[in-house]
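# Understanding the architecture of this molecule
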Amino acid sequence: MKTVNKIPIWFMRQAGRYLPEYMKIRSKNPDFLKLCFNPELASEISLQPLKRFDLDFIILFSDILVIPHALGQEVKFLKNHGPLLNCISSKKDLNYMSLNKSLDKISNTFETIKILNAKKSTKNLIGFCGGPFTVLNYMIEGGTSKTHSKIKTFIKKKKEEAADIIKIITEISIEYLKKQIQSGANYIQVFESWAGLLDREEYIDFIIKPNQQISGEIRGFSKHTKIIHFPRGSRNNYKIFAEEVNCDVLSLDQTYPKELPTFLREKGITVQGNLDPQELIKEGEQIEKKTKEVLEKFKKNNHIFNLSHGILPETKISNIAKVIKVVRAYETS
Ligand code: 1CP
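Residues numbered from 1 in each chain as written. Predicted model: local features only at pLDDT ≥ 70, side-chain atom pairs only at ≥ 80, totals over all residues. Heavy atoms only, no water.

## A look at the overall build of the chain
When helices and strands are counted, the chain shows 14 helices and nine strands. Dimensions along the principal axes, computed over C-alpha positions, put the chain at roughly 65 × 45 × 40 Å. Relative to its 333 residues, the chain shows a buried fraction of 56%. Sequence separation of at least 24 residues holds for 73% of the intrachain contacts in the chain that already meet a minimum separation of 6. (Helix = DSSP H or I, 4+ residues; strand = E, 2+ residues; numbered from the N terminus. Buried < 20%, exposed > 50% of the residue type's maximum accessible area, 1.4 Å probe, protein only. Contact = heavy atoms within 4.5 Å.)

Below, the structure is given as C-alpha cells:
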C-alpha cells in the first residue's frame, strides 16, 4: 500500500526582493534596518510569500546584521550596494555596553514574532540569527567581500581578538534566539553562510565550537524548538559538523560527500535543501525535472524541501509556484 508523505517546503530568503509587494513597501522605507524593526511592516513582509504560495514555514523578516548593530557598530544598507559597516579591528572599536542594552536595541523583533505567532495557525515560524563567524566576517570586512582577505588575515594574525569578538557575538545570539523562542518561534535557523572560507583547524574553532554552543544552550532552554543549521560551503566538513553540533535539521548546499544523506538518516537528522536557486531564474521545463531530482535524492531521508542558498532577486515567481506544485504532487511509499 502506498502512503503519502507530505514533504514540508519553504525557500530561504522567501520574504524579499523578488516579490513586487515587498519592493512596494521597501520603496517607501529607504532605511532597511528601520523596516526590520517595524513590527507591523516586518510581520506583513514575513506573511507576503504565504499569501502567494502554499508554504509550510513563515520566516521572520529581519537580517543577520542586526547583531553588529546591537553591539554598537554602524550598519547601513545602501541602495544597489548591500550592507556597509564601519570596519573594526578589535573589540574596543565596538561601542558595546552590555548584553541587555544591546538586546534592547533589537527588541522590536520580538514584537514582530508575537504578531506572527498570533497569525501563524498551523504553519511553523522560523526565527534566526547569523552564525558567529559569518557575522564576524561582515564586521571585519565592512560589508560584502569577494576575496574575504581582511577576515582571513584577521583570524590568522589576531586569533585571540577574533575569539573575543566571536564570544560576544555567540553570547548575544543565544539570548536573542531565546527571546525569539519565548515570543513564539518554534524553529530557529543559524545562517553560517561563510563557513566554507575556513580550513579544518579554523573550522573547528570558529564554526563548530560557536555553533555547538548555540545549539547546546537552545536545547537546554527549549526541548520543543527545532534547530536548523546551515554551515554553507562546508563540503567535507559537513560530516564533522553533524557529528559535533546537536542539530535537528542540516541545510545542505550543492557540494557534500556522497554518503552524507545516509549518515544523516542514521543519526536522525533531517535534511533541508537543496535545489540550486539558479534554476529559478531559468525559462523552460527544466525546473520540474530538477525539483524531482532533489526529491529523489533525499527520498529515504526526513526532508524539508528548500534551496541550496537564498532566492535570487531576479527569480521568476511562476517558477516558485512550479516547484511547489511538483513537491506537493510527490508521493513516497
Ligand atoms: O534592499 C533590500 O531590500 C534588502 C535586501 C535584504 C533582505 C530582504 C537584505 C540585505 N536582507 C534581507 C532579509 C533577510 N536576510 C532575511 C529574512 C527574509 C527571508 O529569509 O525570507 C534573512 C534570513 C537574511 C539573512 C542574511 N542576511 C544572510 C544569511 C543568508 C544568506 O543569504 O547567506 C546574509 C549573509 C545576510 C547579509 C545581507 N543582508 C542583505 C544583503 C544584501 C546581505 C549581503 C549578502 C552578501 O554578502 O552577499
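## Comments concerning the pattern of salt bridges
Evaluation of the coordinates by the stated rule reveals 19 salt bridges. The closest approach of N and O atoms between lysine 239 and glutamate 243, which form a salt bridge, is 3.9 Å. Of this pair, lysine 239 and glutamate 243 both sit in helix α11 (residues 238-244), four residues apart, roughly one helical turn. What makes lysine 239 partly exposed here is its relative accessible area of 30%. Residue glutamate 243 is classed as partly exposed on the basis of its relative accessible area, which comes to 41%. A single salt-bridge network, built from bridges that share partners, covers Asp54, Asp56 and Arg328. (Salt bridge = Lys/Arg side-chain N within 4 Å of Asp/Glu carboxyl O.)

## Concerning the site of the ligand
The immediate surroundings of the ligand are formed by 22 residues, with Arg13, Tyr22, Arg26, Tyr138 and Ser193 found nearest. Contacts to the ligand include serine 193, whose side-chain N or O atom sits 2.6 Å from an oxygen atom. If the ligand stood free it would expose 880 Å²; the protein chains cover 88% of that surface. Taken together, the residues that form the shell around the ligand break down as 12 nonpolar, six polar and four charged. (Near = heavy atom within 4 Å. Polar contact = N/O pair within 3.5 Å; in protein donor to acceptor, adjacent residues only side chain to side chain. Areas by Shrake-Rupley, 256 points an atom, 1.4 Å probe, with all protein chains shown as cover. Nonpolar A, V, L, I, M, F, W, Y, C, P; charged D, E, K, R; others polar.)

## Describing the packing of helix α8 (residues 149-157) against helix α9 (residues 159-183)
Axis separation between α8 and α9 bottoms out at 5 Å; the angle between their running directions is 105°. If you check the angle between α8 and α9, you find them roughly perpendicular. Contacts between α8 and α9 pair Phe154, Ile155, Lys156 and Lys157 from the former with Lys159, Glu161, Ala162 and Ile165 from the latter. Of the residues in the contact of α8 with α9, the class split is four nonpolar, no polar and four charged. (Axes fitted to C-alpha atoms, helices over the stretch in contact; angles between N-to-C directions. Parallel < 35°, antiparallel > 145°, perpendicular 65-115°, else oblique.)

## Let's talk about the environment of isoleucine 317
On the secondary structure map, isoleucine 317 appears in helix α14 (residues 317-329). For the pair isoleucine 317 and proline 20, spaced 297 residues apart in sequence, the C-alpha separation works out to 9.8 Å. Setting aside residues up to four positions removed in sequence, isoleucine 317 forms contacts with Tyr18, Leu19, Pro20, Arg52 and Phe53.

## With respect to the nonpolar core
Formed by 112 residues in total, the largest nonpolar core has its most connected members in Phe11 and Leu136. If one sorts the elements of this core by residue count, α9 sits on top with 10 residues. In this structure phenylalanine 11 touches Leu55, Leu280, Asn306, Leu307, Ile311, Ile320, Val323 and Ile324, once residues within four positions along its chain are discounted. (Core = buried A, V, L, I, M, F, W, Y, C linked by side-chain atoms within 4.5 Å.)

## Digging into the side chain of glutamate 192
Of note, glutamate 192 is situated in strand β5 (residues 187-192). A distance of 3.4 Å separates a polar side-chain atom of glutamate 192 from the backbone nitrogen of phenylalanine 133. The contact partners of glutamate 192, leaving out residues within four places of it in the chain, are Gly131, Pro132, Phe133, Thr134, Phe206, Ile207, Asn211, Phe230, Pro231 and Arg232.

## Here's the deal with the packing of aromatic side chains
Following the criterion strictly, the structure yields eight aromatic pairs and no others. Centroid distance tyrosine 22 to phenylalanine 61: 5.7 Å. Interplanar angle 55°. Geometry classified as tilted. Of the two residues, tyrosine 22 sits in helix α1 (residues 20-27) while phenylalanine 61 sits in the loop between β1 (57-59) and α4 (66-70), which places them 39 residues apart along the sequence. Both residues of the pair, tyrosine 22 and phenylalanine 61, belong to the buried class. Each member of the aromatic cluster is reached from another via a ring pair, and the members are Tyr22, Phe32, Phe61 and Phe77. The positively charged end of arginine 232 is found above the aromatic ring belonging to tryptophan 194, 4.9 Å away from the centroid. A cation over a ring is seen here: lysine 239 above phenylalanine 263, with NZ or CZ 5.0 Å from the ring centre. (Phe/Tyr/Trp six-rings, centres within 6.5 Å; stacked < 30°, edge-to-face > 60°. Lys NZ or Arg CZ within 6 Å of the ring centre and 35° of its normal.)

## Re unusual backbone geometry
Between glycine 273 and asparagine 274 the backbone carries a cis peptide bond, its omega angle lying at -20°. The phi angle at arginine 13 is positive, at roughly 60°, despite the residue not being glycine. Positioned with a positive phi, asparagine 80 is a non-glycine residue whose angle comes to about 55°. Position of asparagine 80 relative to the elements: it lies in the loop between β2 (75-78) and β3 (82-85).

## Focus on helix α13 (residues 286-297)
End to end, α13 covers 17 Å across 12 residues, agreeing with the expected 16 Å (1.5 Å per residue, within 8%). Along α13, the residues classified as buried are Ile287, Thr291, Val294 and Leu295. Down the axis of α13, the sector holding all buried residues measures 100°, keeping them to one side. Considering only its buried residues, α13 is in contact with β8 (270-275), β9 (303-307) and α14. (Expected span 1.5 Å × (residues − 1). Arc of directions from axis to C-beta.)

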